[in-house]
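Structure assessment
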Amino acid sequence: MRIIFIRHGDPDYEKDSLTEKGWREAALLAERVARWKVTDFYVSPLGRAQDTASLSLKKAGRKAQTLSWLREFHAPVNDPVRGESVIPWDFYPSFWTKEEGMYDRNAFADTAVMRSGPVKEEFARVCTGLDELLARYGYVREGGIYRTDLSDKTQRDAVIVLFCHMGITLYLCGHLLGISPVVLTAGFFLAPTSVTVLASEEREEGSAYFRCQAAGDTAHLLMGGEPVSHMGYFTEPFQG
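Residues numbered from 1 in each chain as written. Predicted model: local features only at pLDDT ≥ 70, side-chain atom pairs only at ≥ 80, totals over all residues. Heavy atoms only, no water.

Looking at an unreviewed UniProt entry, the protein chain carries the name Histidine phosphatase family protein, with the source organism given as Candidatus Eisenbergiella merdipullorum.

Now the structure itself:
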């Protein structure tokens, strides 16, 4: 099975839509997505994800199911350094790297800063949403792996595309890979319209584990001559 996460295009947050650049990115993305053999499409309810998906779906002649839990990860916390409410990955490195619990996939949500907001509850909610979705395709969560039936080729070959957001993608990847989402959100940048691919490896009968094949791929932008957006990043992204 293959899970493909796609971040929305360059955002106009005020309108919850896309900038002119974002629409150009989405058009280039659509040319790429239309060539894929996709089992099902899913999309966040937020406008910027819906707009991004709309061009790919039109190009592919497909429809998508909107999933409420796929919206951007929403669990604001109180940052003790700046004394203000922030999203739960907008921390200065000098703060979060000193908190050993932040590196722990089980303990990160119980650190003091994360408990100042509903991080633990929101994380459990979105992980449940993903696991219920994967169960539709025969992948049932059991500890850190997924139980499945190798005899069902349809399940093994399923490809699902999720149009969503950077934060929720990295939190869900943390769940799939058994890594603290804090490490992923602090250490990875997924540019607008970038493609992140995880595929199941089923080396043991009835047992599957998802492995990342690509993270934040923007080949469609580079091929189309459209610069990679810096939105969500604090330095200039690589344009090569």
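After presenting the structure, the write-up continues.
This paragraph deals with the overall build of the protein chain. When its secondary structure is counted, the protein chain shows 9 helices and 12 strands. Over its C-alpha atoms the protein chain spans a radius of gyration of 18 Å, differing by no more than 12% from the 18 Å that the globule rule assigns to 240 residues. Overall size of the protein chain, expressed as C-alpha extent along the three principal axes, is 50 × 45 × 30 Å. Burial analysis of the protein chain (240 residues in total) assigns 50% to the buried set. Carbon and sulfur atoms provide 51% of the accessible area of the protein chain, an area that totals close to 11,500 Å². Here the protein chain holds 27 positive side-chain charges and 32 negative ones, and the gap between their average locations is 5 Å. (Helix = DSSP H or I, 4+ residues; strand = E, 2+ residues; numbered from the N terminus. Rg over C-alpha atoms; globule rule 2.2 N^0.38 Å. Buried < 20%, exposed > 50% of the residue type's maximum accessible area, 1.4 Å probe, protein only. Areas by Shrake-Rupley, 256 points an atom, 1.4 Å probe, with all protein chains shown as cover. Lys, Arg positive; Asp, Glu negative; His and termini not counted. Charge placed at Lys NZ, Arg CZ, Asp CG, Glu CD.)

In total, this model carries 13 salt bridges according to the counting rule given. When the shortest N-O distance is used, the salt bridge between Asp217 and Arg32 registers 2.6 Å. Linking Asp217 in strand S12 (residues 207-217) with Arg32 in helix H1 (residues 20-33), this pair joins segments that are 185 residues apart in sequence. Classification of Arg32 as buried rests on a relative accessible area of 16%. For Asp90, the salt bridge goes to Arg82, with nearest N and O atoms at 3.6 Å. Since its relative accessible area comes to 25%, Asp90 is described here as partly exposed. Members of the salt-bridge network, linked through shared partners, are Lys21, Arg24, Glu25 and Glu226. (Salt bridge = Lys/Arg side-chain N within 4 Å of Asp/Glu carboxyl O.)

Before going further, it helps to spend a moment on H1. The α-helix winds at 3.6 residues per turn, so residues separated by three or four positions along the chain end up facing the same way. Between its terminal C-alpha atoms H1 stretches 20 Å, which fits the 20 Å expected from 14 residues at 1.5 Å a residue. Taken together, the buried positions of H1 are Lys21, Gly22, Glu25, Ala26, Leu29, Ala30, Arg32 and Val33. (Expected span 1.5 Å × (residues − 1).)

Feature annotation in UniProt places "transmembrane region" (unreviewed entry) on residues 158-177, given in this structure's numbering. This span, residues 158-177, is 60% helix and 30% strand, and a straight line between its end C-alpha atoms measures 19 Å. (UniProt positions renumbered as here; feature names shortened; annotations may be inferred.)

With that out of the way, let us pick up the packing of H1 against helix H2 (residues 47-60). Where H1 meets H2, the closest approach of the two axes is 8 Å, and the angle between their N-to-C directions is 35°. When the axes of H1 and H2 are compared, the crossing they make is right-handed. Contacts from Trp23, Ala26, Ala27, Leu29, Ala30, Glu31 and Val33 of H1 reach H2 at Asp51, Thr52, Ser54, Leu55, Ser56 and Lys59. For the contact of H1 with H2, a count of residues per class yields 7 nonpolar, 3 polar and 3 charged. (Axes fitted to C-alpha atoms, helices over the stretch in contact; angles between N-to-C directions. Left-handed = near helix turned anticlockwise from the far one by under 90°. Contact = heavy atoms within 4.5 Å. Nonpolar A, V, L, I, M, F, W, Y, C, P; charged D, E, K, R; others polar.)

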